Amino acid sequence: MARLEGKVALISGAARGQGRSHAVRLAEEGADIIAFDICEGVSTDSAPGATEADLQETIRQVEGLDRRIVAEKADVRDLDQIKRVVDMGVAELGGRLDIVAGNAGILGTPNRAHEIPDEDFVDMQEINLTGVWRTCKAAIPHMKAAGNGGSIVLTSSGAGLQANENIAHYVAAKHGVVGLMRTLALELAPEKIRVNSLHPTMVDTPMIMHDSMYQLFRPDLDNPTRENLGEVGLQMNALPIPWVEAIDISNALVWLSSDEGRYVTGVTLPVDAGVTIK
């Protein structure tokens, strides 16, 4: 039997990158999926946005594994949109919700802390922190009503455990996710709902792999490339790799959400090639 057979998982930011990887990996382990994504760009984010075609590809891959999926366009800045998707998915997939992956997020636009535009800072907190809380807010009543316990895994970052220059708004939001996780772990323990956070180093996804990120990490070059970013990653990480893959984060999510992690709660789990110890 697959490790997550019969379970239902909710994933935010599921159109591509880590979110799609999570959806597919959880489906491989037997879970049915509720997924949503904004499917458009955010004006204060340097990375290009996902598209509705990206979300359709996630649907295709999950259905290709013979699992059910309810996937809709929704914005983590809008609680009503999230609740609509979650309520619809739970109703359609048997009235239960066992796993929540609070994954949706942006990296924003790099700047010195005192030079970050107010709109950029507010957007970052709205998406990367308050959006995670809203996702949990929409999901937790269903998890409690089903009475099956469950697992909530919030995506933080290596930047949620240490400081990084030029992304103070991102660092602040990701540190906030840790505080939210720890509080939820205490509040939900009586319901046997476990809550943990994941802390990746750079991950090979569209959130990282674009010109603004290359320029942030290699300001000494006129036209830095992916390969130049990789050189920086090799220096940052303790293990001799430039970055990790989305599947590495998804595998950690599966473990935390399975019976193998049944007594793990309140944990900040780095999947970071040692970046936070270097």
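Residues numbered from 1 in each chain as written. Predicted model: local features only at pLDDT ≥ 70, side-chain atom pairs only at ≥ 80, totals over all residues. Heavy atoms only, no water.

As recorded by an unreviewed UniProt entry, the chain carries the name Mycofactocin-coupled SDR family oxidoreductase and is attributed to Nesterenkonia alkaliphila.

Caption draft 1: Structural context of the side chain of Asp 98. Its location among the elements puts Asp 98 in the loop between helix H3 (79-92) and strand E4 (99-102). The exposure class of Asp 98 is buried, given its relative accessible area of 2%. Here the side chain of Asp 98 touches Val 8 through a polar contact of 2.8 Å, landing on its backbone nitrogen. Only 2.7 Å separates the side chain of Asp 98 from the side chain of Arg 96, close enough to count as a polar contact. The contacts of Asp 98, once residues within four sequence positions are left out, are Gly 6, Lys 7, Val 8, Met 143, Asn 148, Gly 150 and Ser 151. (Helix = DSSP H or I, 4+ residues; strand = E, 2+ residues; numbered from the N terminus. Buried < 20%, exposed > 50% of the residue type's maximum accessible area, 1.4 Å probe, protein only. Polar contact = N/O pair within 3.5 Å; in protein donor to acceptor, adjacent residues only side chain to side chain. Contact = heavy atoms within 4.5 Å.)

Caption draft 2: Layout of unusual backbone geometry. A positive phi angle, near 55°, is found at Cys 39, a position not held by glycine. Classification of Cys 39 by relative accessible area gives buried; the value is 7%. A positive phi angle, close to 75°, is found at Asn 166, a residue other than glycine. Overall, the relative accessible area of 24% leaves Asn 166 in the partly exposed class.

Caption draft 3: Structural detail: H3. Counted at 1.5 Å a residue, the expected span for H3 with its 14 residues is 20 Å, and the 20 Å between its end C-alpha atoms agrees. Taken as a whole, H3 has its buried residues at Ile 82, Val 85, Val 86, Gly 89 and Val 90. Taken around the axis of H3, the buried residues stretch over an arc of 125°, which confines them to a single face. Relative to its buried face, H3 has exposed residues pointing more than 90 degrees away, namely Asp 80, Ala 91 and Glu 92. (Expected span 1.5 Å × (residues − 1). Arc of directions from axis to C-beta.)

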